[in-house]
Every structure is written in C-alpha cells, then in structure tokens.
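Summary of structural features
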Amino acid sequence: MAEIEREAMEYDVVIVGAGPAGLSAAIRLKQLDADLNVVVLEKGSEVGAHILSGAVLDPCGLDALIPDWKEKGAPLNTPVNEDNFYMLGEAGKIRVPNFPMPPLMNNHGNYIVSMGNVCRWMAEQAEELGVEIFPGMACSELVYGDNGEVKGVVAGVFGLEADGSYGPNTEPGMELHGKYVFLSEGVRGSLSKEVIAKYDLSAGKEVQKYGVGMKEIWEIDPAKHKEGTVTHTMGWPLGSNAGGGSFIYHLENNQVYVGFVVHLNYKNPHLYPYMEFQRFKHHPMVAELLKGGKRVAYGARAITEGGYQSMPKLVAPGVALLGCSAGMVNVPRIKGNHNAMLSGKAAAEAAFDAIKAERSRDELTAYETDVRDGAIGKDLKKVRNVKPMWSKWGLMPSLALGGLDMWTNTLGFSLFGTLGHGKNDADSTEEASKHKPIDYPKPDGTLSFDRLTNVSFAMTNHEESQPCHLHLADPEIPVKVNMPKFDEPAQRYCPAGVYEIVEDEDGPRFVINFQNCVHCKTCDIKDPSQNITWTTPQGGDGPNYPNM
Ligand SMILES: Cc1cc2nc3c(=O)[nH]c(=O)nc-3n(C[C@H](O)[C@H](O)[C@H](O)COP(=O)(O)OP(=O)(O)OC[C@H]3O[C@@H](n4cnc5c(N)ncnc54)[C@H](O)[C@@H]3O)c2cc1C
C-alpha cells in the first residue's frame, strides 16, 4: 500500500481518552501553564458516551484537582448515607456488619455519581481553561519517532472500505504530535497494549487481571427509592463458579444503578456472565426493589483487577500510561476513578516540569515515582493481596484473610508479603469437558432481559459498511480449536452478543456481529486462544450511554 499522506499538528501534550484520567491531566496542565497546547481525543460521539463505572466516587482525586468543585457545580449530588453488604443465598441473605470492615471500605464521604456526567462537567472545566477536546476522534495508531520514541497518534480515520483498505471515500485522519503523549484509554486500551508490549513494560510485574462489569439503570417506585444507599452483595448466583458480586446504588431522580461484576479468571467455559447478572435480579431482595420499575439503560465494560503488583512500568520514551490504561483500581473498594484523576494530575505535573526544562519525548520518571510512592501506590498497596487470595482460596477464606490483611496493612504491615496472581484470565479457562454446562433460566422480559434486547439500551452503533474492528489472528481457531475444546466461550462471555456460532449446511461458522460491540474489551482479554484483538472502530461509533 502506498504511504498515506496526513497533515500533522503539533501540541505540547496529546491525550488519548476523555475519561477521568485524561481530563484530569488536561485540566492540571492548563492550571499550571495556560499557554501549553493540550488536546484530548475521545472515540465516543461525545465526552461521557463511553464512560461506564458503578459509580461511587471517592472525591479525593477531585479535591486535589479542583478544590472548589462544589462551587463550580460538579455533579456530585448524592452523598452516600447508608452502606450495606450482604452474602446472598438463592432465597435468603445475611447482612455482614460494617464494624469488622477495615476503614478503607467505608463509603461515608463518597458520592453516588454518574461518571459520564462527571466527565462531561470536567470537559467543560477543561475547555474553559483552553484545552481542545475532540470527541468522535478515535486514535487508531501510534506514531513513532526516529529513535523509537512515541511521537504522536493518528486520529480521525473515517470511511475505510469493508476490507480495511483505503477507498475513494476514506478520510486518512491526521497525525497529532506531542512533546508527550498520555494514554488514558481506560481498561485494556488498544494503544496502551501496543506500548506495553513494545517497551516490555510488564517485565517483572504480575499479569494484569480483569473482571467484566455489566450495569443497568433502573427507574424504580419512589416508595422504594432510598437516595444515597449503597449495597454490595456476594455469593449467589455465582457461588463457587466464579468470583464477583453485585452493586446497587440509589442515585437521584428515583434511579438505581444495578450492576454485576464477574472476575474473568473463571475456569468453566460454560459460564455465562450476562445470564448470571440477569439471574441475580431474581433474588427476592433485588426483585422486590425493582418490581414495578423499568430498565432505562444497559452497558458493560471490563475492569482492571490486578492492582499494585500488576501495574506495568508507566513510562516509555514520549509516552505515559494513566489511570486504568495501567490498571489503578482498588479492587475490594471497586474504585478506580479517584486514582485515575490523581494519576492524570501527577502525569501533568511531571510533563509540565519536563517541558519547562525544555525536555521532550523522554521518560517522565517523576510521574512513575509519584504514582508508586504517593497516594495511588499507598491506596493500592494496602489491598494488594485481596484479589490473589480470592483467586487461590475462594470467597469465604479470602473475605476473612483479605479483611485481616487489609487491617494489618492499614497498620503498616502484611503477614503475607505480596501474593502473585498466577495465570492470566485467558489461560485460566479450562476445557469444557471438565465442567458441567450451566442451565440458565430464560429471561422473563420484566426483571431479566435477553442480551440483544438489553444491548439496544446501550444505544450502540457501528456503521455496517466499515471493517470489523474485532480482528482474528487466525479465523480458523474459533471453530477448529475453541469449539471442540472450550465450546467457544465467546458466545457467552461477550455481554453484547457479538459472537455467534451459526450452524450452516457446511458445518459451524463463527460470526462476529461487530455492530453490537459496546467496547468492553472482554473478548480481547478472555479468549482462551488469545486470538481476538479489539481495535478502535471509527470515531463516534460505539455505545451512547446517557448517565452511566
Ligand atoms: C462495572 C464497573 C463499576 C465500577 N465502579 C466504580 C466505582 O463505583 N467507583 C470507582 O471509582 N470506580 C469504579 N470503576 C472503575 C472505574 O470505572 C475506572 O477506574 C475508571 O473508569 C478509570 O478511568 P480512566 O480515565 O482511566 O478510563 P475510562 O473511564 O475508561 O476512560 C477512557 C476513555 O478513553 C476513551 N478511549 C479509549 N481508547 C481510545 C482511543 N484509542 N482513542 C480515543 N479515545 C479512546 C474511552 O472511550 C473513554 O472515554 C468501575 C468499573 C466498572 C467496569
């Protein structure tokens, strides 16, 4: 193919992704020096369109970034006023009292928010400071300099032919060059994955771990709505089949976020995370809450779970990984937004100092040090053994030992050192013949919904004429390897019904309905053959979440 000619624009800092990490970096850069040229590129049709969190927000990140956020009208309207934790059985529940929980698990002082709306508000703050924000611009490639350093990104390629080639209607996009490029793509970022591999940033670290989180917004009977209430559950329906649990957050306007996370290191390839979520809503406690209400939105997103020991090196020449591009979620707290914001602030401060010293495209080592030795490292280090304990010993022992470890870590020591995670999530999948299929009840259409109906509530859209953004390294593997060995789990682990096995006259065929994709990235993580690569479709495509 002939070399593609593109216009190039020069910036001080190019930021990929308008989530809490990227927007915090942009705001901090302009707070430090109003003359810096800062651009944020976002693949969603608008800022917030692809944002999916729980979300209970620990405001420490925002406090550090914009101390007068309240006066500036930040949409943190619902303080948490009640915190419940239940162990569920199929029909019953046991309340776990709050007092044995380590203080870090307490949600008082936190807010139930729509992170989509928080990001929309942060984008306004950034624009007021002079940041250029371009939604609908997917960054599809990295641009490297002569010495292998990251120099910029390619963004805004539109109208590729269905086979991925350039045609008469293709807009080739442009190159955006920066003294530094910040990758704040969130979990399993596609450019971040490339950078981690190219510079071997995970060398000497534990493997990254993930979960898949699914979430619905419900409008419920006002009589049952208790604004400010946070409920978490574990146990049924997953039992010993997988780690994970649910969250139920009562926000404003009689709305409730109902969500379910399944850890992706489950062994049984018959497990169907989406159906576990649907089944969960039939628990009497949840069914009673939702009865008479209606589901108004649905979405899904992977979540990083590897924590402290899995964070890759954060910098390479010209580039830094921010927020969940590097995996900064505190797993037992199910919180990463505060660390995403703090990492954006730290990266901006390091870049500002470097640019002031007339440096460019080198390693921002001060950022790495700030994250590891500062508030983020401290937050993640205290809870580093919770996830490995859960993977090794299951729910009940890990609750007891994880609780003990979080307590001792709060006091400054651990009896366990730093535990490893073992296998990655793809390799954790065992052969189907070793496991029993799971019989899931049919959704009733009132409390539980079939996957495709629910996907229509993610308002996702991909132009059918564009190439499939889900690439198979070997198109034969789904039918020849994954079917016989694993009963092709893509049919089940994808929360948007993208993958199907269709029986034709000639035998089974693997079909990718990429139009349904909600950009959760689970396929890139969980495919047992590691044969699927998620790449960015053209900008503006994907889900259009309202107030997720
Ligand atoms: C189900 C679930 C529940 C959660 N609950 C909570 C909670 O209650 N509290 C909490 O604090 N945290 C929670 N988290 C974690 C939290 O969502 C993450 O820690 C946080 O989103 C990380 O922020 P980020 O800015 O790094 O990435 P994101 O918020 O993922 O933002 C990344 C942005 O970059 C864009 N992008 C990605 N790639 C490209 C590209 N190549 N080109 C252009 N744009 C791109 C995306 O569209 C997105 O807008 C939850 C996560 C999940 C999945």
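Residues numbered from 1 in each chain as written. Predicted model: local features only at pLDDT ≥ 70, side-chain atom pairs only at ≥ 80, totals over all residues. Heavy atoms only, no water.

**Examining the overall build of the chain**
For clarity, the threshold we go by: A helix here means a DSSP run of H or I that spans at least four residues, while a strand means a run of E at least two residues long, and both kinds are numbered starting from the N terminus. All radius of gyration figures rest on C-alpha atoms, and the globule criterion is 2.2 Å times the number of residues raised to 0.38. Relative accessibility under 20% of the residue-type maximum defines a buried residue, over 50% an exposed one, and the middle range a partly exposed one, all with a 1.4 Å probe and only protein chains included. Contacts are assigned to residue pairs that have any heavy atoms within 4.5 Å of one another. Using a 1.4 Å probe, accessible areas were evaluated by the Shrake-Rupley method; residue-level cover was limited to the displayed protein chains.
Counting secondary structure elements, the chain contains 16 helices and 22 strands. The C-alpha atoms of the chain give a radius of gyration of 22 Å, which matches the 24 Å a tight globule of 548 residues would have. Principal axes of the C-alpha set define a box for the chain whose edges measure 65 × 65 × 45 Å. Looking at the 548 residues of the chain, the share that counts as buried comes to 60%. In the chain, of all internal contacts separated by at least 6 residues, the share reaching a separation of at least 24 is 78%. Entry remark: accessible area of the chain is about 21100 Å², with carbon and sulfur atoms responsible for 51%.

**A closer look at the site of the ligand**
Convention followed: Proximity is defined per residue: any heavy atom of the residue falling within 4 Å of a molecule or strand makes that residue near it. Here a polar contact is recorded for every N or O atom pair within 3.5 Å, except that within protein the pair must consist of a potential hydrogen donor and a potential acceptor, and residues adjacent in sequence are included only if both atoms are side-chain atoms.
Neighbouring the ligand are 36 residues, the closest being Glu42, Ser53, Gly54, Val56 and Cys324. Cys139 places a main-chain nitrogen or oxygen 3.0 Å from a nitrogen atom of the ligand. Asn337 is positioned with one of its backbone polar atoms (N or O) 2.9 Å from an oxygen atom of the ligand. Taking 1000 Å² as the accessible area of the ligand by itself, protein coverage stands at 98%.

**Here's the deal with the environment of Thr229**
As for its position among the elements, Thr229 is in strand 13 (residues 229–235). For the pair formed by Thr229 and Tyr249, sequence separation is 20 residues and the distance between their alpha carbons is 5.9 Å. Setting aside residues up to four positions removed in sequence, Thr229 forms contacts with Asn81, Glu82, Asn84, Ile112, Ile248, Tyr249 and His250. For Thr229, the side chain forms a polar contact with the main-chain oxygen of Lys226, separated by 2.9 Å.

**Some words on the pattern of salt bridges**
Definition in use: Should a side-chain nitrogen of Lys or Arg be within 4 Å of a carboxyl oxygen of Asp or Glu, the pair is scored as a salt bridge.
Here the structure, examined in full by the defined rule, presents 23 salt bridges. Glu219 is paired through a salt bridge with Lys294; the nearest N and O atoms lie 4.0 Å apart. One end of the pair, Glu219, is in strand 12 (residues 210–219); the other, Lys294, is in strand 16 (residues 294–304), with 75 residues separating them in the sequence. For Glu219, a relative accessible area of 31% corresponds to the partly exposed category. In this structure, the salt-bridge partner of Lys224 is Glu288, at a minimum N-O distance of 3.9 Å. With Lys224 in the loop between strand 12 and strand 13 and Glu288 in helix 6 (residues 284–290), this residue pair connects regions lying 64 residues apart in the sequence.

**As for helix 11 (residues 395–410)**
Where we set the bar: Expected span, for any helix, means 1.5 Å times one less than how many residues it has.
Taking 1.5 Å per residue, 16 residues should reach 22 Å; helix 11 reaches 21 Å between its end C-alpha atoms and fits that length. Directly beyond the C-terminal end of helix 11, a positive phi value near 105° is found at Gly412.

**Focus: the domain arrangement of the chain**
One frequent convention defines the size of an interface as the accessible area lost when the parts assemble. Formally: Throughout, the edges of the domains are those of an automatic or database domain assignment. Defined in terms of a 1.4 Å probe, buried area is the accessible area two parts forfeit on being brought together, summed over both.
For the chain, the domain assignment lists domain 1 (10–70 + 116–205 + 312–382), domain 2 (78–109 + 208–304), domain 3 (385–414) and domain 4 (459–543). The straight-line distance from the C-alpha centre of domain 1 to that of domain 2 is 29 Å. Facing the 22 residues of domain 1 at the interface are 19 residues of domain 2. Regarding the contact of domain 1 and domain 2, the summed buried area is about 1700 Å², with carbon and sulfur atoms giving 64% of it. Contact with domain 2 buries area across many residues of domain 1, yet Leu52, Val56 and Val187 alone supply 35% of it, more than any other trio. Linking domain 1 with domain 2 are 0 salt bridges, by the criterion used here. If you look at where domain 1 meets domain 2, you find 6 residue pairs in polar contact (both at pLDDT 80 or more).

**Some words on the nonpolar core**
Note the following rule: Take the buried residues of types Ala, Val, Leu, Ile, Met, Phe, Trp, Tyr and Cys, join any two whose side-chain atoms come within 4.5 Å, and each joined set is a nonpolar core.
Ranked by size, the top nonpolar core spans 80 residues in total, and within it Val153, Phe182 and Tyr367 carry the most contacts. Tallying contributions element by element places helix 7 (residues 337–356) first for this core, with 11 residues. Counting residues in each nonpolar core, the second largest holds 71 residues, with Tyr249, Leu271, Leu470 and Met548 among its members.

**Focus on unusual backbone geometry**
Cis peptide bonds are those with omega within 30 degrees of zero, and the linkage from Gly54 to Ala55 qualifies with 0°. Mapped onto the secondary structure, Ala55 falls in the loop between strand 2 (38–42) and strand 3 (56–57). In this structure, Pro237 follows Trp236 across a cis peptide bond, with omega equal to 5°. Secondary-structure assignment places Pro237 in the loop between strand 13 and strand 14 (244–250). Positive phi, normally seen in glycine, also occurs at Asn253, with a value near 55°. Turning to its location among the elements, Asn253 is positioned in the loop between strand 14 and strand 15 (255–263).

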